[in-house]
Amino acid sequence: MWLRRLELIDVRSYRHVTVDLEPGVSVLVGPNAQGKTNLLEAVQRAATGSSHRVAGDQPLVRAGAELGVIRVEATTDEGRRRTIEIELGGGRRRHRVDGQDVRRANEALGVLRVVLFAPEDVGIVRGDPSERRRFLDDVLAQRRPAFAAARGEYERVLRQRNRLLKQARTLGGGAREAAVATLEDWTRQLVEHGAQITAARIAAVRALAGPVDRFYRELADRPEPVELTYRAATGTTVAGSEGGGVPEREPIARRLRDCLDERADDELARGMTLVGPHRDDLELTIGALPARTHASHGEVWSLALALKLATEEILGEVGDRPVVLLDDVFAELDTTRRTRLAKACAAFDQVLVTAAVEEDVPLEGARLDVRLEGGTSSVRRRGEEG
């Protein structure tokens with residue numbers, strides 16, 4: 001698919017801007033702090049429901065404005081026109097898809113598909129397990145939009161269960177017994193939703209394993225294999241290279257239930273849920289060594305890029321091929337890796353790239369100048385008058 005138009009009203013540094021885009025490569029050029037990343041962030045927010053820079057929507061609203069508006073128009077692989085409009089700020093979020101209001105934000109997921117790579121994404125390799133869980137969940141939310149709803153249900157149940165565990169810790173006698181009895185219903189729901197989340201993540205790891213290994217070798221030109229392994233808090237480990245597609249939920253649910261029963265006393269003592277997909281991890285290894293602790297700077301960048309390039313591939317297998325967003329990536333790569341990434345980009349339907357130095361980007365395509373003047377950013381295509 002390709003993004004035809006992006007319109008922002010009172011979003012970040014933009015008072016009002018409309019950017020028309022074509023298939024292929026578009027490079028957004030300008031010095032740092034001009035508003036280039038703000039454009040990619042808005043596209044990411046429209047496509048995935050969240051920003052890669054901040055947790056909430058309010059920071060996206062231009063300073064001094066009450067509401068911000070993001071509008072995107074895209075064309076699917078089959079030639080269908082799709083639109084998304086989002087109102088941000090003022091304590092509300094309104095979503096319109098193809099001109100119609102939708103009740104839940106999740107209904108806008110999957111309309112526009114994107115894969116974003118930004119310097120912060122090296123945290124997938126170097127960071128805490130939460131970074132890798134978020135990566136898998138973001139892939140799944142675009143690959144199967146219903147996953148976002150399932151994850152939301154799991155998080156809701158987890159919050160309720162943790163709240164009850166904290167309350168039970170302070171109670172005694174009959175009140176404690178009543179709280180523990182109530183806990184059973186939340187435990188049952190946690191197991192049900194948790195097994196669904198775990199099964200989906202394992203399937204994603206299996207789908208990603210081969211492409212990640214291939215892209216890493218192409219980018220890094222190294223012989224060491226890359227392995228992805230899903231490590232559940234229940235003690236179960238699944239190597240992506242083993243294949244197998246989506247695993248059966250029932251064995252996962254049984255194992256999760258058994259572990260919750262085993263840790264029941266510990267959970268009551270600590271007032272929190274100690275087992276479940278919220279404590280799982282994705283282990284990344286290069287050769288026989290964990291990438292998080294042993295990979296060099298160049299290897300980390302190559303692996304993080306390989307994860308995102310593989311995401312583009314597996315998303316394209318089950319729907320529209322996504323738009324690829326590269327935020328100031330080429331500046332961080334050596335000449336060899338730049339050339340290899342440029343070769344990979346040539347296979348994508350549409351690529352939006354930001355760069356402070358135009359010469360850092362060895363890609364042919366449209367150039368759009370981004371400038372900040374008087375506190376407001378503007379975008380102008382090369383060759384346009386005025």
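K.L.:
I keep staring at the sheet that holds strand E5 (residues 81-88) and nothing clicks. Help me out?
P.N.:
Across a sheet, strands are paired by hydrogen bonds formed along the backbone, either parallel or antiparallel in direction. One open sheet holds the six strands; their spatial order is E2-E1-E4-E5-E6-E7, and the pairing between them is antiparallel. Each having just a single partner strand, strand E2 (14-20) and strand E7 (100-102) make up the two edges of the open sheet. Across the sheet, the mean angle separating the axes of adjacent strands is 15 degrees when strand polarity is ignored. For strand E6 (residues 94-97) and E7, the ladder comprises three bridges, and the chain directions are antiparallel. Counted as the bridge partner of valine 97 is glutamine 100 from E7. Of the strands in this sheet, strand E1 (2-11), E2, strand E4 (68-75), E5 and E6 are in contact with helix H1 (residues 36-48), which crosses E1 at around 110 degrees.

K.L.:
Would you mind going over the packing of helix H3 (residues 129-143) against helix H9 (residues 297-316) with me for this structure?
P.N.:
Packed helices, taken two at a time, are described by their axes: the angle between them and the distance between them. Relative to each other, H3 and H9 sit at 20 degrees, their axes nearing to 10 Å. Here H9 runs roughly parallel to H3, going by the angle between their axes. As for the relative orientation of H3 and H9, their crossing is right-handed in sense. Together, Phe135, Val139, Gln142 and Arg143 of H3 and Leu307, Lys308, Thr311, Ile314 and Leu315 of H9 make up the contact between the two elements. Of the residues assigned to the contact of H3 with H9, the class counts are five nonpolar, two polar and two charged.

K.L.:
Is there a simple way to explain the pairing of E1 in this structure?
P.N.:
Along any regular strand, the residues point their side chains to alternate faces of the sheet. Of all the 10 residues making up E1, seven are buried; the element is thus mostly covered by neighbouring parts of the structure. Pairing analysis gives seven bridges linking E1 to E4, with the strands arranged antiparallel. Residue pairing in the sheet places leucine 8 in a bridge with isoleucine 70 of E4. Inspection of the sheet shows E1 paired to E2 by six bridges, in the antiparallel sense. Among the inter-strand pairings, valine 11 is bridged to a residue of E2, identified as tyrosine 14. Linking E1 back to E2 in an antiparallel pair, the connection comprises two residues, with arginine 12 at a positive phi of about 50 degrees.

Rules of the game
Residues numbered from 1 in each chain as written. Predicted model: local features only at pLDDT ≥ 70, side-chain atom pairs only at ≥ 80, totals over all residues. Heavy atoms only, no water. Pairing = 2+ DSSP bridges. Helix = DSSP H or I, 4+ residues; strand = E, 2+ residues; numbered from the N terminus. Axes fitted to C-alpha atoms, helices over the stretch in contact; angles between N-to-C directions. Contact = heavy atoms within 4.5 Å. Parallel < 35°, antiparallel > 145°, perpendicular 65-115°, else oblique. Left-handed = near helix turned anticlockwise from the far one by under 90°. Nonpolar A, V, L, I, M, F, W, Y, C, P; charged D, E, K, R; others polar. Buried < 20%, exposed > 50% of the residue type's maximum accessible area, 1.4 Å probe, protein only.

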